[in-house]
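Architecture and fold: a report
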Amino acid sequence: MSYRDYDRGNYDAERTRSSRSSVQRVIISSPDRTLLIVVTFLVMIGFMMIFSASAPKCLDEGVNPAQFLIKQIICFIVGFIGLKFFTNYDYKKLAQWNTILAAGIIIALMLVDFTPLGVTVNGAKRWINLFGFQLQPSEFAKPAVVLLMASAFKDNPNLFDETKWFKYFIPILVMLAFIFMQPNLSMVILLLSVCVVMFLCGGGSLKLFFSCLAAGVTTVILALTTIIKPYQLQRLRIWRHPETDPQGAGYNIIQSLIAFASGGFNGVGYGGSIQKLAYLPECHTDFIFAILAEELGFIGCVLVIGLFWTLVHRGFIIASRCPDLYGRLLAVGITFAIGFQAFLNISVASSFLPTTGVPLPFISYGGSSLIVSLWMVGILLNISKKRIKKIRNQDEERERAERR
C-alpha cells in the first residue's frame, strides 16, 4: 500500500468517525494569558507589601529600607528566568529528571539537618547557607513531590507496585521525614495533601483513601500525645483562646486580628499600618496578609483572594484540557500546591487555623518560595500550550444552521 493510499484510508476513517461525533484534536496554542496576568499582579502586590512591611524594621536597624525588596527582586529575576525556561521546555521530558531532582533535595535536606550549614531561625532549622544566600530546601520539595507522583500514576493508580515504591514513594517518604525533623509540620501536611489529591485524580481507590484516612487520624492522635513538639501543642491550645496568653503564645494571633480590625473596609492606606511598627513579628513573611488587610482593608483582601481563586480556576481548566494523564496530574498537583498553601497562610493570619510557618505564595518575603512558585507556574504555562480542541463535523454545523 502506498503512502497516498494509507493517508486516504486514514482520511476516510476519520471522516466516518466524524459523521457520528465531533473530532478531538490536540492543538498547540500560546501559554494561558489569564494565568500569566494573575501571577504578575500577585508578584507586584508582593513587592509593594514587602517594602511597606519591612521598611520600618530596616530603618530601625539602620540599613537600607528597601533591603528586603531588593533581595526579593533578585530572587524574582532567578524565578522569572526559570519560568521562561519551563514554559518552553516540554513538560513530558521532566520525568527523566525525577531521580536527580529527588536525590539533590534529599542531600540538601540532610545538609540542613546534620551539618553546620543549616541555619536556625526562631527554633526551626529549615534553611541552608550557601555562598551568603539562604535557601529553604523544603520549598523545592514541592515540585519534586508533584513530579514523582505524576510519574507514579501516569500509567495506573496502583499503590502496591514494588517498582513505584523504590522509584517514587520511598524518595517522597525520605523527604517528608527530613522535613519533619527540622521541624516543619506545616510543609509535611502540605506535601501529604498534594500526594492524596494527585492519587485521587489519578484514579485511586476511594475505599483505600478512606482506610488510609482512618489510619492517619489515629496516627495524628498518637502523635499529639507522643511525637509532636511541645511548642506545636502550645499552638493548638492557644489557637482558640489566644487571650489566655496575650504576651506569649497568643501574641501573634491577637496582633494579627487587631490588624484586620484596624483595616476595616477601605484600609488605613498603603504604608499606614501601625501593627508593622514592631507590634506584629514576622509581618513581612508569615503574617504579611494581616498587614495587607490593615492597609488595603476588606477590598484588598478580596482582591488577593480573588486572584488566587482565579489562579486555581485556570490551573484546573488547564488540567482538564490537557491531552495526557501525566500533564493533567502535573497541572493538578501544581495548582493544588499553590492554592492550598495560600489557603493555609490566609487562614492562619485570620485565625481560622492554628499558626503554621508557610509563606503566602508570590507575596510573602522569601526567595525560595518565590523562585519555586514561579518555576511551577512555568510548568503550568507549558502544559497550557497543549490542549484538546473539539472540531464540529458537517452534520452538526448543518443542524446549527437549520435551527437559526
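**Comments concerning the sheet that holds strand E4 (residues 133-135)**
In a beta sheet, neighbouring strands are held together by backbone hydrogen bonds and run either parallel or antiparallel to one another. Ordered by their spatial adjacency, 3 strands build an open sheet running E2-E3-E4, and the pairing between neighbours is antiparallel. Each of the sheet's edge strands pairs with one partner strand only, and the pair in question is strand E2 (118-121) and E4. Looking at each pair of strands side by side, their axes are set apart by 45° on average, direction ignored. With 3 bridges joining them, strand E3 (residues 124-130) and E4 adopt antiparallel strand pairing. Residue pairing in the sheet places asparagine 129 in a bridge with glutamine 134 of E4. Against the sheet, helix H4 (residues 98-114) makes contact with E2 and E3, and its axis sits at roughly 110° relative to E3, the strand it touches most.

**Thoughts on a nonpolar patch on the surface**
On the surface, a nonpolar cluster with roughly 530 Å² of combined accessible area is contributed by Leu117, Leu130, Phe131, Phe133 and Leu135. Examined against the element boundaries, leucine 135 turns out to sit in strand E4. Taking relative accessible area as the criterion, leucine 135 reaches 30% and is therefore assigned partly exposed.

**Here's the deal with helix H7 (residues 185-201)**
Compared with an ideal rise of 1.5 Å per residue, which puts 17 residues at 24 Å, H7 spans 24 Å between its outermost C-alpha atoms and is within 8% of the ideal. All of the buried residues along H7 are Ser186, Met187, Val188, Leu190, Leu191, Ser193, Val194, Cys195, Met198 and Phe199. Downstream of H7 by a residue or two, glycine 203 has a phi angle that is positive, lying close to 100°.

**Topic: the side chain of asparagine 98**
Along the polypeptide, asparagine 98 turns up in helix H4. With relative accessibility at 6%, the residue asparagine 98 sits in the buried group. Here the side chain of asparagine 98 touches serine 151 through a polar contact of 2.7 Å, side chain to side chain. Excluding anything up to four places from it in sequence, asparagine 98 contacts Leu147, Leu148, Ser151 and Tyr168.

**Side note on the packing of helix H6 (residues 162-181) against H7**
Here H6 crosses H7 at 160°, and the two axes come no closer than 8 Å. By the angle class used here, H6 and H7 are roughly antiparallel. Where H6 crosses over H7, the handedness of that crossing is left-handed. Side by side, H6 and H7 meet where Ile172, Leu176, Ile179 and Phe180 of the first sit next to Leu185, Met187, Val188, Leu191, Leu192 and Cys195 of the second. The residue makeup of the contact of H6 with H7, split by class, is 10 nonpolar, no polar and no charged.

**Concerning the pattern of salt bridges**
The final tally for this structure, using the stated rule, is 3 salt bridges. Note that arginine 314 is salt-bridged to aspartate 32, the shortest N-O span being 2.5 Å. Here aspartate 32 lies in the loop between strand E1 (23-28) and helix H2 (33-61) and arginine 314 lies in helix H11 (residues 288-321), a separation of 282 residues in the sequence. Pair check on accessibility: arginine 314 and aspartate 32 agree, each one buried. For the salt bridge of glutamate 139 with lysine 142, the shortest nitrogen-to-oxygen distance reads 2.8 Å.

**Concerning the environment of serine 369**
Here serine 369 shows up in helix H13 (residues 367-384). With 10 residues separating them along the chain, serine 369 and proline 359 place their C-alpha atoms 7.4 Å apart. If near-sequence neighbours (up to four positions away) are discounted, serine 369 is found in contact with Glu139, Gln341, Pro359 and Pro361.

Rules behind the numbers
- Residues numbered from 1 in each chain as written.
- Predicted model: local features only at pLDDT ≥ 70, side-chain atom pairs only at ≥ 80, totals over all residues.
- Heavy atoms only, no water.
- Pairing = 2+ DSSP bridges.
- Helix = DSSP H or I, 4+ residues; strand = E, 2+ residues; numbered from the N terminus.
- Axes fitted to C-alpha atoms, helices over the stretch in contact; angles between N-to-C directions.
- Contact = heavy atoms within 4.5 Å.
- Patch = residues over 30% accessible without salt bridge, like charges linked within 9 Å, V, L, I, M, F, W, Y side chains within 5 Å.
- Areas by Shrake-Rupley, 256 points an atom, 1.4 Å probe, with all protein chains shown as cover.
- Salt bridge = Lys/Arg side-chain N within 4 Å of Asp/Glu carboxyl O.
- Buried < 20%, exposed > 50% of the residue type's maximum accessible area, 1.4 Å probe, protein only.
- Expected span 1.5 Å × (residues − 1).
- Polar contact = N/O pair within 3.5 Å; in protein donor to acceptor, adjacent residues only side chain to side chain.
- Parallel < 35°, antiparallel > 145°, perpendicular 65-115°, else oblique.
- Left-handed = near helix turned anticlockwise from the far one by under 90°.
- Nonpolar A, V, L, I, M, F, W, Y, C, P; charged D, E, K, R; others polar.

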